[in-house]
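So you can see what is in the structure, the chains are spelled out below.
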Amino acid sequence: MIKREIKSIIVDYNSPAELNDELQNLIQKAKSAAKKAYAPYSEFRVGAAVLLENNEIIEGNNQENAAYPSGLCAERVAIFYANSKYPNIEIKAIAITAITKDGFIKEPIPPCGSCLQVMLESEQRANKPIQVLLFGTNKITVAENIQQFLPIYFNKDMLK
């Protein structure tokens, strides 16, 4: 038996003011996107904002459907749109937040496994890390790349 230890480095900030202006703006765009989500079933509105290398910001939000598997998460909406509109422009960062009936979430939420896999492949396609910002009113969690959330992952080499 071989035992391995896997570590992730995640940093928590108390306020957006601790981040640079570019990242503060990205969080504001994610908050704006969450307000426009279509979530009549769960009433859990998620917003994502993707910052591209050309400084364009693409927003996305969750889109629910009565047939639940037919909906799509905010992160994938934003990333797929960014990749289709700007196929050769890399993603620098993504900010994610959510709103419940009580307002913006207090504690940050991580992306689901499907979204992490899509984010990881975008990171690998560009061969460049994607910074992740998870906004909650109590704190902002920041990771310097997707692998911090998904240290053991499925990739294209495994398909061979």
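Now for a look at the structure at hand. (Residues numbered from 1 in each chain as written. Predicted model: local features only at pLDDT ≥ 70, side-chain atom pairs only at ≥ 80, totals over all residues. Heavy atoms only, no water.)

### Quick word on the nonpolar core
In step 1: Counting 26 residues, the largest nonpolar core has Val 50, Ile 94 and Met 119 as its most contacted members.
In step 2: For this core, the secondary structure elements donating two or more residues are β2 (45–52), α2 (74–85), β4 (91–100), α3 (113–126) and β6 (131–135).
In step 3: The leading source of residues in this core is α3, at five residues.
In step 4: When near neighbours in sequence (up to four residues on either side) are disregarded, Ile 94 contacts Leu 26, Ala 48, Ala 49, Val 50, Glu 75, Ile 79, Met 119, Ile 130, Gln 131, Val 132 and Leu 133. (Core = buried A, V, L, I, M, F, W, Y, C linked by side-chain atoms within 4.5 Å. Buried < 20%, exposed > 50% of the residue type's maximum accessible area, 1.4 Å probe, protein only. Helix = DSSP H or I, 4+ residues; strand = E, 2+ residues; numbered from the N terminus. Contact = heavy atoms within 4.5 Å.)

### Some details on unusual backbone geometry
In step 1: Of note, Glu 43 is a non-glycine position whose phi angle comes to about 55 degrees, a positive value.
In step 2: Residue placement: Glu 43 occurs in the loop between α1 (21–35) and β2.

### A word on a nonpolar patch on the surface
In step 1: Among the surface-exposed residues, Tyr 38, Tyr 41 and Tyr 68 lie close enough to one another that they form a single nonpolar patch of about 340 Å² accessible area.
In step 2: Within the secondary structure, Tyr 68 is located in the loop between β3 (57–61) and α2. (Patch = residues over 30% accessible without salt bridge, like charges linked within 9 Å, V, L, I, M, F, W, Y side chains within 5 Å. Areas by Shrake-Rupley, 256 points an atom, 1.4 Å probe, with all protein chains shown as cover. Salt bridge = Lys/Arg side-chain N within 4 Å of Asp/Glu carboxyl O.)

### Considerations on the pairing of β4
In step 1: Burial analysis of β4 places eight of its 10 residues in the buried class, which makes it a mostly covered element.
In step 2: As judged from the eight bridges shared by β2 and β4, these two strands associate in the antiparallel manner. When the bridges of β4 are listed, Gly 47 appears paired with Thr 97.
In step 3: Pairing analysis gives four bridges linking β4 to β6, with the strands arranged parallel. Pairing of Ile 96 across the sheet is with Leu 134, part of β6.
In step 4: Pairing of β4 with strand β5 (residues 103–104) involves two bridges; the strand directions are antiparallel. If you follow Thr 100 over to β5, its bridge partner there is Gly 103.
In step 5: Between the antiparallel neighbours β4 and β5 lie two residues. (Pairing = 2+ DSSP bridges.)

### Overview of the packing of α2 against α3
In step 1: Two numbers describe how α2 lies on α3: the axes approach to 9 Å, and their chain directions differ by 25 degrees. What the angle tells us is that α2 and α3 run roughly parallel. Handedness of the crossing formed by α2 with α3: left-handed. The residues of α3 that touch α2, namely those facing Glu 75, Arg 76, Ile 79, Phe 80 and Asn 83, are Ser 114, Cys 115, Val 118, Met 119, Ser 122 and Arg 125.
In step 2: For the contact of α2 with α3, the class distribution of residues is five nonpolar, three polar and three charged. (Axes fitted to C-alpha atoms, helices over the stretch in contact; angles between N-to-C directions. Parallel < 35°, antiparallel > 145°, perpendicular 65-115°, else oblique. Left-handed = near helix turned anticlockwise from the far one by under 90°. Nonpolar A, V, L, I, M, F, W, Y, C, P; charged D, E, K, R; others polar.)

### Section: α1
In step 1: Over its 15 residues, α1 extends 21 Å from the first C-alpha to the last, a length consistent with the 21 Å expected when each residue adds 1.5 Å.
In step 2: Taken as a whole, α1 has its buried residues at Leu 23, Leu 26, Ile 27, Ala 30, Lys 31, Ala 33 and Ala 34. The arc that holds every buried residue of α1, seen down its axis, measures 160 degrees, which confines them to one face. Turned more than 90 degrees away from the buried face of α1 sit Asp 21 and Lys 35, all of them exposed.
In step 3: Those residues of α1 hidden inside the fold are in contact with β2, β3, β4, β5, β6 and β7 (140–143). (Expected span 1.5 Å × (residues − 1). Arc of directions from axis to C-beta.)

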